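Secondary and tertiary structure notes
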Amino acid sequence: MTTTSKTAAVGPPASGRTPTRRRVHRAWFVAAVTFVTIIGAAAFRAVPGLFIDPLNEEFGWSRGTIGAAVSVNLALYGLTAPFAAALMDRYGIRRVVAVALTVIAAGSGATVWMTAAWQLILCWGLLVGLGSGSMALAFAATVTNRWFTERRGLVSGILTAASASGQLIFLPLLSWIVDRYSWRPAAVTVALAALAVVPFVWLLLHDHPADVGQKPYGAKEFVPKPAPVPGAARRTLAVLASAARTGPFWLLAGTFAICGASTNGLIQTHFVPASHDHGMPITTAASLLAVIGVFDVVGTVASGWFTDRFDARRLLAVYYALRGVSLLFLPLLLAPSVHPPMLLFIVFYGLDWVATVPPTLALCREHYGDDSPIVFGWVLASHQVGAAVVAFAGGLARDAFGSYDVMWLASGALCAAAALMALVIRKRPAVLPAG
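These notes cover the structure that comes with them. In this text the structure is predicted, and so the values were computed from the model without any measurement.

1. Things to note about the overall build of the protein
Counting secondary structure elements, the protein contains 18 helices and 0 strands. Within the protein, the fraction of its 435 residues that count as buried is 55%. Summarising the internal contacts of the protein: among those between residues at least 6 apart in sequence, 84% fall at separations of at least 24. Put simply, the protein shows about 18,100 Å² of open surface, and 67% of that area lies on carbon and sulfur atoms.

2. Some thoughts on the nonpolar core
Counting residues in hydrophobic clusters, the biggest one holds 85 residues, and the most contacted among them are Phe 51, Ile 267, Phe 271 and Met 342. In terms of residue count, helix H12 (residues 247-277) provides more of this core than any other element does, 11 residues in total. Excluding its chain neighbours within four sequence positions, the residues that come into contact with Phe 271 are Leu 266, Ala 285, Leu 288, Leu 289, Leu 334, Met 342, Ile 346 and Trp 408. Among the nonpolar cores identified, the runner-up in size contains 32 residues, and Val 30, Ile 39, Met 135 and Ala 162 belong to it.

3. Focus on the packing of aromatic side chains
Under the defined criterion, the tally for this structure stands at 12 aromatic pairs. Taking 5.2 Å as the distance between ring centres and 80° as the angle between the ring planes, the aromatic pair formed by Phe 249 and Trp 250 counts as edge-to-face. Judged by its relative accessible area of 4%, Phe 249 is buried. Note on Trp 250: relative accessible area 52%, which makes it exposed. The interplanar angle of 70° and the centroid separation of 5.6 Å between the aromatic rings of Trp 305 and Phe 306 together place this pair among those described as edge-to-face. Among the residues examined, Trp 305 registers a relative accessible area of 41% and is labelled partly exposed. Positioned above the aromatic ring of Trp 202 is the side chain of Arg 94, whose terminal nitrogen or guanidinium carbon lies 5.1 Å from the ring centre. Here Arg 323 stacks its cationic end above the ring of Tyr 349, 6.0 Å away from the centre of that ring.

4. Description of the packing of helix H14 (residues 312-333) against helix H15 (residues 340-352)
The description of two helices packed together rests on the angle between their axes and the distance between the axes. It is at 10 Å that the axes of H14 and H15 come closest, and there the two elements cross at 150°. Between H14 and H15, the angle is such that the two are roughly antiparallel. For the crossing formed where H14 meets H15, the hand is left-handed. Residues Tyr 319, Leu 322, Arg 323, Ser 326, Leu 327, Leu 330 and Leu 333 of H14 form the contact with H15, whose participating residues are Pro 341, Met 342, Phe 345, Phe 348, Tyr 349 and Asp 352. In the contact of H14 with H15, the residues fall into 10 nonpolar, 1 polar and 2 charged.

Definitions and cut-offs
- Residues numbered from 1 in each chain as written.
- Predicted model: local features only at pLDDT ≥ 70, side-chain atom pairs only at ≥ 80, totals over all residues.
- Heavy atoms only, no water.
- Helix = DSSP H or I, 4+ residues; strand = E, 2+ residues; numbered from the N terminus.
- Buried < 20%, exposed > 50% of the residue type's maximum accessible area, 1.4 Å probe, protein only.
- Contact = heavy atoms within 4.5 Å.
- Areas by Shrake-Rupley, 256 points an atom, 1.4 Å probe, with all protein chains shown as cover.
- Core = buried A, V, L, I, M, F, W, Y, C linked by side-chain atoms within 4.5 Å.
- Phe/Tyr/Trp six-rings, centres within 6.5 Å; stacked < 30°, edge-to-face > 60°.
- Lys NZ or Arg CZ within 6 Å of the ring centre and 35° of its normal.
- Axes fitted to C-alpha atoms, helices over the stretch in contact; angles between N-to-C directions.
- Parallel < 35°, antiparallel > 145°, perpendicular 65-115°, else oblique.
- Left-handed = near helix turned anticlockwise from the far one by under 90°.
- Nonpolar A, V, L, I, M, F, W, Y, C, P; charged D, E, K, R; others polar.

Next up, the structure:
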């Protein structure tokens, strides 16, 4: 019996075939396509800070007016995200993302013919805002939840870093185009970048592991593809109503609103014009933002790794506290040229930029289970509302005070508040109220 058992253990399979090399799970290919797609859509994120001065000079629009268009864009980016997650459940990831990319291209391309501020709000605020909202982090959350049961923190970190990678690629290119030619060719470049990835989405992005007969990565059992969920808008609002009756939702929404205020709303929108106010060339300031993108990739992937191993609440508290301290020093660092303390700020801010996303996603999964992509969509909405408020307020502050100093200091104080809020999020999962 012993000899027979050993022979069975080491012998070839019953089919007579020798064991084959283990293949890479399809989930990683889907993650790679998602990564490329987010990079292509990220071109729009590089534009707002580059366009403020050129639009002000050409049309005479105040920075507050231009900031209002950016504010509409950021708000819609966030408010669309939870509905996009539900639409992906109803119509599939591929269809929703392909349409979103096309809308981004249409909105960005149409800006080249605008002559009035309301047209900027319509094209860049409304169209690009709606399209980019459907390409928001809810897209990454949906892919991660469907295709992975292991390494979710790492994958969410990698996919979140894709947007920073897009910024790294497009910021230097678009700033060079704006400096050498004008803002219009840069807007066309954004439109072409969004259109270029549509074929990848349509041909290569599968909606669910069951579509290719596979289990999610790390799953022990096959997961059937769920039936399309009707009533996407109704479900999205119902999930919001249930989540809003739990404390963790408001704490996550509050911290993420401050995250958006201190990144997309403040640094991404106003860092380039603020640096230009101190005599720094636009191309140099844009290159510094691109460097933030380099370290953003590193910081976000590392944060995903940390999230798989450490308490997400403590990670968030550390990230927000350190970000707030760095913002308090920024008014002292702005100068006509780049110097070592400024580089230190850029490196740190890049590492911390969206490092908050993996632990926030993890806490949404912990508390809200299968509804977590939609709940995260609403949390992301708060992120973008915070960004929208500060994008607009920053322009008003610059018009009123002649500098952005008050915005750096106020945002630093808000980050300290976010660190405290993260620490009081409950550790045990919240049970959504019935109804």
